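# Breakdown of the fold
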Amino acid sequence: MIRKLAFACLPALLLAGCQDPASTNQGSSRSEIRIVGSSTVFPFAKKVAEEFVNFDPERRSPILESTGTGGGVELFCSGVGANTPDIVNASRRIKKSEFERCLANGVDDVIEIIIGFDGIALAQSKNGPKISLTVDEFYTALAAQPFGKGPNRAIRWPDINPALPDTRINIFGPPSTSGTRDALEEIIMEKGCKSDPAVAALSDSDKERFEEVCHSVRTDQAYTDTGENDNLIVQKLSTNPDAVGIFSYSYLADNADTVRGVPINGVEPTYATIESGEYPGARTLYIYVKQKHVDVIPGLREYLAEFMRGGEHDGYLTRIGLIAAPDKMRSEMLGRIKTLSTLDGAALK
Amino acid sequence: MTETVSMPANLPAPASGARKTDWMGQTMQKRIASRYAAERRFKFMGLAAVVLSSLFLAFLLFVMVGNGAKGFITTEATLTVDMPAATGSISAEQLTGPRLSATIASIDVRRIYDNAVQAQYGKDGSRFFASTAWTALRAQLTENPDLILGKAKFWLPTSSDIDRAAKDTSTPEAEADYAQLRQAGEVRQTLNWNFLTGSDGTDPAQVGIWGSLKGSLITMVVTLFLAFPVGVLAAVYLEEYAAKNRLTDLIEVSINNLAAVPSIIFGLLGLAVFLQFFAMPRSAAIVGGLTLALMTMPVIVIASRNAIKAVPPSIREAAMGVGASPIQVVFHHVLPLAIPGIMTGTIIGMARALGETAPLLMIGMRAFTTTPPDGFTDPATVLPVQIFLWSDEVNRGFVEKTSAAIIVLLVFLLTMNAVAVYLRNRFETRW
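Keep in mind that what you see is a predicted model, and the values were worked out from it rather than measured.

## Looking at the confidence of the model for chain B
Residue and element names in this part refer to chain B. On average, residues of chain B score 86 in pLDDT, and 95% of them reach the 70 mark or higher. Within chain B, helix 2 (residues 83-87) has the poorest average pLDDT of any element, 75, and helix 12 (residues 285-309) the best, 94. Among the scores for the predicted complex, ipTM is 0.76 and pTM is 0.77.

## Overview of the domain arrangement of chain A
How big an interface is tends to be reported as the loss of accessible area on association of its parts. Residues and elements named next belong to chain A. For chain A, the assigned domains are domain 1 (31-117 + 284-347) and domain 2 (119-283). Its C-alpha centre places domain 1 at a distance of 28 Å from the equivalent point of domain 2. Taken together, the 18 residues of domain 1 in the interface contact 19 residues of domain 2. The element best represented in the side of domain 1 that touches domain 2 is helix 3 (residues 69-76), accounting for 3 residues.

## Focus: the domain arrangement of chain B
Residue and element names in this part refer to chain B. Per the domain assignment, the segments of chain B are domain 1 (70-191) and domain 2 (210-427). Domain 1 and domain 2 are separated by 44 Å when their C-alpha centres are compared. With 6 residues of domain 1 in contact, the opposing surface of domain 2 contributes 7 residues. In the side of domain 1 that touches domain 2, the residues fall into 1 nonpolar, 2 polar and 3 charged.

## Here's the deal with the nonpolar core
Core analysis: the largest hydrophobic core is formed by 156 residues, its most contacted members being I287 and Y288 of chain A together with V222 and A405 of chain B. In contact with A405 of chain B, not counting residues within four places along its chain, are I209, L383, Q386, I387 and W390 of chain B.

## Describing the environment of S54 of chain B
All names here are of chain B. Checked against the element boundaries, S54 lands in helix 1 (residues 26-68). Exposure remark for S54: the 10 C-beta atoms within 10 Å place this residue in the exposed category. With 257 residues separating them in the primary sequence, S54 and V311 have C-alpha atoms 35 Å apart.

## Things to note about unusual backbone geometry
Leave glycine aside and you will find that most residues have negative phi; peptide bonds, for their part, are mostly trans. With phi around 55°, F147 of chain A is a residue other than glycine that occupies positive phi space. Within the element layout of this structure, F147 of chain A appears in the loop between helix 5 (135-142) and strand 5 (171-173). Not every positive phi belongs to a glycine, and A279 of chain B is a case in point at roughly 50°. Residue placement: A279 of chain B occurs in the loop between helix 11 (263-277) and helix 12. Exposure remark for A279 of chain B: the 14 C-beta atoms within 10 Å place this residue in the partly exposed category.

Definitions and cut-offs
- Residues numbered from 1 in each chain as written.
- Chains lettered and ligands numbered in written order.
- Predicted model: local features only at pLDDT ≥ 70, side-chain atom pairs only at ≥ 80, totals over all residues.
- pLDDT = per-residue confidence, 0-100.
- Helix = DSSP H or I, 4+ residues; strand = E, 2+ residues; numbered from the N terminus.
- Domains from an automatic or database assignment.
- Contact = placed C-beta atoms within 7 Å.
- Nonpolar A, V, L, I, M, F, W, Y, C, P; charged D, E, K, R; others polar.
- Core = buried A, V, L, I, M, F, W, Y, C linked by C-beta atoms within 7 Å.
- Buried ≥ 20, exposed ≤ 12 C-beta atoms within 10 Å, placed from the backbone.

Here it is as structure tokens:
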């Protein structure tokens, strides 16, 4: 019996011995696409990945991980080769500092593709008192030091504007690694903050101070960051009728039975208002691809083409909340996929 | 408490100075009564603890089976497709032998599906079906190519909302759609084979558990084949060969501590060592298996050492006495007697590894993929992580799928334990 057991163990030891080199060999080529990045783009990428495989069941499914834009770009920029992701999904444009890190690690061939738009939606439970905000009011509620005049002391909405419903300010939103958070700071908060001419003047004279005033979100109990999980915010809203949540428009569209959009400057977050640019919280969604990986990793071209097909005006991605890019931009992106022209770092900030 | 304590008749006379105990006196009776009461209280509390824990277990199983059973059922609606009209003329001989796959690949099933749905259910008819129901149509055509030659009725999965309407309550629109389908007799409920054979997806009506089940299986194989031999060999060496000194004591304490380290730490270790230092592929089953093996090994070492310790020294001495070498003593006598204990330790360790989520999240095994893993280096996810991911989904169709996945995990666990118990009983030697 022991002999039998010993024979059973032998292959185990062999396996332990030979798996390691085998897996490092695997490192030099890979049969599936690897994607990391934004939790906002994640549901779209998931859908595209599913369609990509459905189209031809012989294809291997892409591997998708939701890491947040910041975390995803870090993995993406860690180098070229089969152990690094091929694509990063981003809910904001890549930053200059990130791009430089990419260059330092030999990732100098990034193709930038705009897949469409998304709105940063403010939403609340359908059971809560209806609330409507202006960008100033929202900025005043959310900023660590509104207009640079000392720490934020507003606890209830009427502290900001007596006309607002008398409930505690309780905002659920994304953490600082999230692209949604960057977009929130750069799109909505900055607009609110610039309404004060003194602060707007800072943007030219003292850039650092301007960012501190306009981009820092308060850290007390009025703002809760819920991690890279937009679903969690939706769930929290339905149990806290007084709270306001910040997440991507696609989640609002998906959960229209439990939450409703909060109008900003009187404009509700809807497909039409985001597409027209009327809604102040609209932003662009990107994917970044390594040119050196195209044609090495099988199916990468087809995956990109599938993404563009899904993002058409009545494509399946628009049905789950993506807002399609205008035709002119789309044809430019299709050209980029065909010619694989890479991103010039000089255009970034 | 009605029994009275009778005093023994021939009680020896009390020592001088000591007062005679008045057993029948009121104080003594009270004291005896309180002792009996304490006894009953203790028994009652013990029983209550057992009842409470079984109630919890029953509640858990009841809720899981109640919710999850529905996950194994799917709702299907009919779609009539006139294949010859849609595909032009495909002859019977095009469906023979090697030409079959090329023929099926040449058919644009998605377009045919879209047209058929619009023809039968109107312009907005796709709302009745799951978002990728056309893949089910293609699967049926591939399985039974003769259907391509005629007009046929296909059963395809309905949308998740209609599925919920068929099982309990759903949105008013879906309820109306379901009532309409039922009236026409175009809907049925059947066993959801796709749930057992399919992989992760975006539409709860068409997700399956096979991908993560296979991932769990592969990961467990790696874990077992590493942790079991290494753990048992370490235990044998420490018990039978190692000199008893400071160093051995230090190793023993370290192993005991290692067994108590929270699993998330092993995840970080796996991330730092396997992914960053050895540059192994992210999300791969082998990395998960290695990480879990690190976690399981100390448990096996400790259990095996105790089992080896429990083998009576007389057995060793008798074997030595008839001239067996130390290695013969170990492999012919000690290990066979210790195997049941070693197996028990291994079962506990493996069961813990099977249910582990946190360390696997650290090494990227939470990735979304719709292709089941084929080997040790393929990206995979495991059952508990799949349950975690589905429980996070907002779409209500995922609730029953989550519970159904829990049932699959429990069945997997019970099967694994049953095999181990069977092996243990087979190898058990009595003396």
